[in-house]
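# Structural features, examined
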Amino acid sequence: MSTTEPDSEGANFIGGTPFFASRHDQRLQYALYVPKDHTPDAAPLPLIVIQHGTGRSAELYRDRWKSFAIEHRCVILTPLFPAGLVEPRELHSFKFLEYKGIRFDEELLHIVDEVGEGFNTETETFYLHGFSGGGQFAHRFFYARPDRLAAVSIGAPGRITQLDDSLPWWLGTGGFEERFGIAIDLDALRRVPVQMIVGGDDVETWEINNPGGPNWMDGVEKTGGTRIERLETLRANFEANGIDVRFDVVPGVAHKGSEVIPVVQEFMADQLSRR
């Protein structure tokens with residue numbers, strides 16, 4: 001019988017991990033699912049980032065992607081950008097890339113690079129999916145850093161940013177370079193495979209039609225009344241700019257990120273197979 005004791009510390013760095021504080025900003029956190037047979041001296045595995053929405057369900061998403069990570073040989077990263085980070089009860093900051101000096105796009109890149117060092121993953125490019133508030137973050141991150149994305153899946157954003165410099169940020173991209181120090185590179189955007197996904201029954205509007213709310217701008221209403229309509233508006237905007245879109249409407253699904261996962265995984269599996 002073997003007398004080798006399990007590594008009580010190392011066991012927390014494979015499979016479903018705890019949440020770790022980001023070294024760059026310890027207010028921000030992340031968890032992972034790492035296939036248990038992945039070792040530091042193996043070839044680096046592709047990295048899929050699943051960005052939570054307003055509810056911060058990072059652990060749920062990590063666990064729902066476990067089987068996919070095992071089957072398709074990849075690492076799942078679920079960042080956690082806490083609510084109330086700067087101001088009590090504030091919910092929406094990360095969705096718009098910057099809030100009171102925090103650049104969430106840059107902070108995600110710090111986390112990705114940290115994960116590459118500590119968990120042996122590919123970091124030059126990675127795959128990104130977000131649903132609802134995560135879908136808002138995902139498409140705005142796409143504008144800022146297409147060079148770091150192998151593919152992006154944009155799920156049911158309640159508020160969209162169109163590629164249109166005549167519209168002010170965040171309805172459009174007016175002033176984007178001045179605000180973020182990054183010029184939007186349409187050629188780079190066109191090279192990234194894009195999925196847009198929404199449930200066929202995602203028609204409730206109470207959360208996204210809230211004039212006067214902290215995440216409202218006049219003009220939002222012109223992009224559509226439901227998340228389906230707003231995503232269709234974003235698709236038309238992308239296609240007008242030469243960006244191809246795979247557009248998925250999942251029958252019978254309301255605004256539930258967990259229920260569109262199988263179709264997102266289908267898209268991601270196809271992208272991984274093309275590596």
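What you see is a predicted model; the values in this text were computed from it and never measured. (Residues numbered from 1 in each chain as written. Predicted model: local features only at pLDDT ≥ 70, side-chain atom pairs only at ≥ 80, totals over all residues. Heavy atoms only, no water.)

## A closer look at the overall build of the protein
Where we set the bar: Helix and strand assignments come from DSSP, with helices taken as H or I runs of at least 4 residues and strands as E runs of at least 2, each series counted from the N terminus. Our radius of gyration looks at C-alpha atoms and nothing else; its globule reference is 2.2 Å times the residue count to the power 0.38. Exposure categories follow from relative accessible area, calculated using a 1.4 Å probe and restricted to protein chains: below 20% of the type maximum is buried, above 50% is exposed, and the middle band is partly exposed. Should any heavy atoms of two residues lie within 4.5 Å, those residues are considered in contact. Each accessible area value is a Shrake-Rupley result obtained with a 1.4 Å probe; residue values ignore everything except the protein chains displayed when judging cover. Neither His nor the chain termini are counted; the positive set is Lys and Arg, and the negative set is Asp and Glu. A charge is said to be at NZ when it belongs to Lys, at CZ for Arg, at CG for Asp and at CD for Glu.
Of the regular secondary structure elements, the protein holds 8 helices and 11 strands. In terms of overall size, the protein behaves like a compact globule, its C-alpha atoms giving a radius of gyration of 19 Å where 275 residues would be expected to give roughly 19 Å. Structurally, the protein occupies a C-alpha span of about 70 × 40 × 35 Å along its principal axes. When burial is assessed residue by residue, the protein has 55% of its 275 residues classed as buried. Sequence separation of 24 or more characterises 69% of the internal contacts of the protein that already satisfy a separation of 6 or more. Summed over all atoms, the accessible surface of the protein reaches about 12,200 Å², with 48% contributed by carbon and sulfur. Side chains of the protein give 27 positive and 41 negative charges; the mean places of these two sets differ by 3 Å.

## Regarding the pattern of salt bridges
Our working definition: Here, a salt bridge means any side-chain nitrogen of Lys or Arg that lies within 4 Å of a carboxyl oxygen of Asp or Glu.
According to the stated counting rule, one finds 17 salt bridges in the structure shown. E87 is the salt-bridge partner of K100, the closest N and O atoms lying 3.3 Å from each other. In this pair, K100 is assigned in the loop between β6 (98–99) and β7 (102–103) and E87 in the loop between β5 (75–80) and β6, connecting sequence segments 13 residues apart. When its relative accessible area of 52% is taken as the criterion, K100 is described as exposed. Under the relative-accessibility criterion, E87 is labelled partly exposed at 33%. One salt bridge connects R274 with D270, and the closest N-O pair in it is separated by 3.0 Å. A residue is classified by how much of its surface remains accessible, and R274, at 60% relative accessible area, is exposed. What you see here is one network of salt bridges that share partners, running through E59, R62 and D63.

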